[in-house]
Amino acid sequence: MQKVREFHRQSIQDREAFWAHEAQRIHWETPFTQVLDYSRPPFARWFVGGKTNLCYNAVDRWLDTQGDQPALIWVSTEVDQEIVYTRADLSREVNAAAATLQELGVVQGDRVLIYLPMIPQAAFFMLACARLGAIHSVVFGGFAAHNLAQRIDDAQPRVIVSTDAGSRGGRPIAYKPLLDQAIAQSSHAPERVVLVNRGLAPMDLTAGRDLDYAPLRARHLDALVPVVWLESNEPSYILYTSGTTGNPKGVQRDVGGYAVALCASMEYIYGGKPGDVYFSSSDVGWVVGHSYVVYGPLLNGQATVMYEGTPVRPDAAILWRIIETYRVNALFSAPTAIRVLKKHDPALLHRHDLSSLDRIYLAGEPLDELTGQWLSEALGKPVIDNYWQTETGWPILSAQPGVEEVPTRFGSPSFPVYGYDARVIDEATGQDCGPNQKGVVAIEPPLPPGAMSTIWGNDERFVRTYFQSFPGRLCYSTSDWGLVDDDGYWYILGRTDDVINVAGHRLGTREIEESVNTHPAVAESAVVGVADQLKGQEAMAFAVLRNPAVLDESGARDRLEAEIKRVIEQRNGAVARPARILFVNSLPKTRSGKVLRRAIVALCEGRDPGDLTTIEDPGALDQIRDAL
Ligand code: ATP
Ligand code: MG
């Protein structure tokens, strides 16, 4: 652990020298004059005065050495198509998209909203915006009209890029009617809407506003659009947080800091080098899609796999099949996807040649010990838990095998990543916690390069939301509970808003879930706090069984419930024992895989579940209702 500790120490104590060195990874058209300007805390400005461009660094810089090598590999099991774009192909497509936007009047600083499924055009238009210095705001394709309208109002895009339809489970999902509704609901009207017509759903074009992309692309296919060199701290994009807590914020990112941070992470965290193939199964609408489907791998000269489809179609071996076909070196996925695979035939894990694969990274929600261990043992590959947020843009806590191979522990995302002065802070006193003492995971500012610069258009909200949680201390709060054990391994114990109070005892629902999940019959679970007249709140658990058929046996339900309660009592104490353990076939989750606790609590308390537009499967809520 010596090396990784020392590397981290340098990054904090000798911050400017550390990052000045890392900044050499990218091309600077004009060198920066100051590594860090922290004259206005908590706002950090990195690589001040330096001029660079994300598109140039991701595309143009690699044309000489890798022009004919794969850069973007698109696999769609939805429309049964696979296309490999070389770096030269990518350059051509990005330039055509940039020329199109330019023709429509898009200039530096304009916003372009991208509402697209996992198709290559999403990456082309993101990079095209970067080339022009326009600010992209990708809105997750699963969002409905209301969410989209909120984001249109906030970002005020000059142009929107969208499509006729996405596809899920082989069925088209129309986008255009949702977009039309959203534009009608919002108070801002885009000048133009560019539509990628996939031929999946009929589409009405609004005359004077809507344009079919095909003829525009054809006209601009040989265009070479000059790169707009941007000062490092100009905004590159706005990305709204997923809204698990029901309140989207426009996370604003810079240019130079983001490029440097991502490039470095590809080597130190993901063990990648130019020419390697990286596969993140995230959607481009989320931060992982921005950082590790599009920018990170391309900036580092790696090929990226973009996948449209689910992890179980045509069967639960599809991720492994893609890894075999394209000789993928690193896979980035989410625990929720892996828990789904756990319910399928384990033989599927061994059907494909995974010899190219070095490691698997999982992020976005807690990776429970059992799932991590199951996957690692089944595949014989290291599984690395990554902890981070939309706000930070790249991992806060992670093993860093590119710095040093250190044993991981299941249930722990290992250590703070270089650049992050991470702390665990006692909410009440604002003081750092000692070993094994639970507190709020925080980052002592300045935030490192690549982290958010501010909330779009609202500096005051940025300070208030993230930097005012601790008495007398200006420190970034992640709003997650955590602790550090005696050996320096970190643990995330759930969100600060997921804590329940049972008869004066404060309990993290995450800890109770971990206990439920240790029962061998359980695949996954959700625990929530429900109002109780006597105790204030009490825990209520919903469990998904690996094999729901076991419930058919007489008395099985009561027996399982009693067994699980006993485990919780043993591990978390009698106060944590849930009032009920109810069995369901699936949990209500957002499309990014996070359990919609708010909605479950509302149902348990007999209230309206509220805004459910991000829900993956509305049927899961009916199950909760029925179980109650
Ligand atoms: P919002 O902030 O709008 O409520 P969100 O927090 O769900 O939405 P993200 O930025 O996508 O949006 O998610 C980051 C959060 O996900 C973290 O703060 C943490 O709660 C959880 N998380 C991410 N990775 C991990 C991990 N490896 N272990 C535990 N929790 C994780
Ligand atoms: Mg959050």
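All values derive from a computational prediction rather than experimental measurement.

Draft legend 1. Quick look at the environment of aspartate 617. Within the secondary structure layout, aspartate 617 lies in the loop between α18 (597-604) and α19 (619-627). For aspartate 617, a relative accessible area of 36% gives the class partly exposed. On a C-alpha basis, the gap between aspartate 617 and isoleucine 564 in space is 26 Å, while along the polypeptide they are 53 residues apart. A distance of 2.9 Å separates a polar side-chain atom of aspartate 617 from the backbone nitrogen of glycine 619.

Draft legend 2. Structural view of empty space enclosed by the protein. Overall, the coordinates contain 5 cavities of 30 Å³ or more when judged by the stated rule. In this structure, the largest cavity encloses a volume near 90 Å³. Along the wall of the largest cavity there are 14 residues; nearest its centre are Ala44, Trp46, Ala451, Met452 and Ser453. Looking at the lining of the largest cavity, the element that brings in the most residues is strand β2 (residues 43-48), giving 3 residues. In terms of residue class, the lining of the largest cavity is built from 10 nonpolar, 3 polar and 1 charged. As a volume, the second largest cavity reaches approximately 60 Å³. Along its surface, the second largest cavity is lined by Tyr270, Gly271, Gly272, Asp276, Val277, Tyr278, Gln302, Asn329, Ala330, Asp358, Arg359 and Tyr361. Among the secondary structure elements, those contributing two or more residues to the lining of the second largest cavity are β16 (277-280) and β19 (359-363). For the lining of the second largest cavity, the residue count by class is 5 nonpolar, 4 polar and 3 charged.

Draft legend 3. Expanded view of the side chain of serine 11. Looking at the secondary structure, you find serine 11 in helix α1 (residues 2-13). A polar side-chain atom of serine 11 sits 2.8 Å from the main-chain amide nitrogen of glycine 419. When neighbours within four sequence positions are excluded, serine 11 is seen to be in contact with Phe18, Tyr418 and Gly419.

Draft legend 4. Spotlight on the UniProt feature "domain: Acetyl-coenzyme A synthetase N-terminal" (unreviewed entry) in the chain. Taken from the UniProt record, the annotation "domain: Acetyl-coenzyme A synthetase N-terminal" (unreviewed entry) applies to residues 5-58. Taken end to end, residues 5-58 comprises 41% helix and 28% strand; its first and last C-alpha atoms sit 30 Å apart.

Draft legend 5. Fine view of the layout of surface pockets. What the second largest pocket holds in volume is close to 370 Å³. Gln81, Gln121, Val196, Asn197 and Arg198 are, among the 18 residues lining the second largest pocket, the residues nearest its centre. Elements supplying a minimum of two residues to the lining of the second largest pocket: β5 (81-86), α6 (120-132) and α9 (213-220). When its residues are assigned to classes, the lining of the second largest pocket shows 11 nonpolar, 3 polar and 4 charged.

Draft legend 6. How the structure looks around the sheet that holds strand β20 (residues 383-386). Overall, mixed pairing links the 7 strands, which are arranged β5-β4-β17-β16-β18-β19-β20 in an open sheet. On the outer flanks of this sheet lie β5 and β20, each paired with one strand and no other. Mean inter-strand twist for the sheet, computed between neighbouring axes without regard to direction, equals 20°.

Draft legend 7. Inspection of the pairing of β2 at higher detail. The element β2 is largely enclosed, with a buried count of 5 among its 6 residues. Between strand β1 (residues 34-40) and β2, which pair antiparallel in sequence order, lie 2 residues.

Draft legend 8. Quick look at the packing of aromatic side chains. Evaluation of the coordinates by the stated rule reveals 38 aromatic pairs. Aromatic side chains phenylalanine 125 and tyrosine 213 sit 5.0 Å apart centroid to centroid with 65° between the ring planes, which places their arrangement in the edge-to-face category. Placement of the pair is phenylalanine 125 in helix α6 and tyrosine 213 in helix α9, with a sequence separation of 88 residues. Pair check on accessibility: phenylalanine 125 and tyrosine 213 agree, each one buried. Aromatic ring contacts, followed pair by pair, group Phe7, Phe18, Trp19, Trp28, Phe32, Trp46, Phe47, Tyr268, Trp394, Tyr418 and Tyr420 into a single cluster. For arginine 25, the ring lying beneath its charged end belongs to tyrosine 268, and the centroid distance is 4.9 Å. Above the ring of phenylalanine 43, the side-chain terminus of arginine 40 is found at 4.3 Å from the ring centroid.

Draft legend 9. Representation of the packing of α1 against helix α2 (residues 15-22). One can describe the packing of α1 onto α2 by two numbers: an axis separation of 5 Å at closest approach and a directional angle of 105°. On the basis of their axis angle, the class for α1 and α2 is roughly perpendicular. Residues Phe7, Gln10, Ser11, Ile12 and Gln13 of α1 touch α2, and the partners they reach there are Arg15, Phe18 and Glu22.

Draft legend 10. The pattern of salt bridges, seen in detail. What the rule picks out here adds up to 42 salt bridges. For the salt bridge of arginine 321 with glutamate 82, the shortest nitrogen-to-oxygen distance reads 2.6 Å. Here glutamate 82 lies in strand β5 and arginine 321 lies in helix α12 (residues 318-326), a separation of 239 residues in the sequence. When its relative accessible area of 36% is taken as the criterion, glutamate 82 is described as partly exposed. Here aspartate 222 ties to arginine 92 by a salt bridge, and the two come within 3.4 Å at their closest N and O atoms. On the criterion of sequence distance, the pair formed by aspartate 222 in the loop between α9 and β13 (230-231) and arginine 92 in helix α5 (residues 87-103) is long-range, its members being 130 residues apart. For aspartate 222, a relative accessible area of 66% puts it in the exposed group. Here the salt bridges do not stand alone but share partners, grouping Arg339, Glu365, Asp368, Glu524 and Lys589 into one network.

Cut-offs used in this document
- Residues numbered from 1 in each chain as written.
- Chains lettered and ligands numbered in written order.
- Predicted model: local features only at pLDDT ≥ 70, side-chain atom pairs only at ≥ 80, totals over all residues.
- Heavy atoms only, no water.
- Helix = DSSP H or I, 4+ residues; strand = E, 2+ residues; numbered from the N terminus.
- Buried < 20%, exposed > 50% of the residue type's maximum accessible area, 1.4 Å probe, protein only.
- Polar contact = N/O pair within 3.5 Å; in protein donor to acceptor, adjacent residues only side chain to side chain.
- 1 Å grid on protein atoms, 1.4 Å probe; cavity = no way out; pocket = protein on both sides within 12 Å on 5 of 7 lines; lining within 4 Å.
- Points joined across faces, edges and corners; volume = space filled by probe spheres on them.
- Nonpolar A, V, L, I, M, F, W, Y, C, P; charged D, E, K, R; others polar.
- Contact = heavy atoms within 4.5 Å.
- UniProt positions renumbered as here; feature names shortened; annotations may be inferred.
- Pairing = 2+ DSSP bridges.
- Axes fitted to C-alpha atoms, helices over the stretch in contact; angles between N-to-C directions.
- Phe/Tyr/Trp six-rings, centres within 6.5 Å; stacked < 30°, edge-to-face > 60°.
- Lys NZ or Arg CZ within 6 Å of the ring centre and 35° of its normal.
- Parallel < 35°, antiparallel > 145°, perpendicular 65-115°, else oblique.
- Salt bridge = Lys/Arg side-chain N within 4 Å of Asp/Glu carboxyl O.

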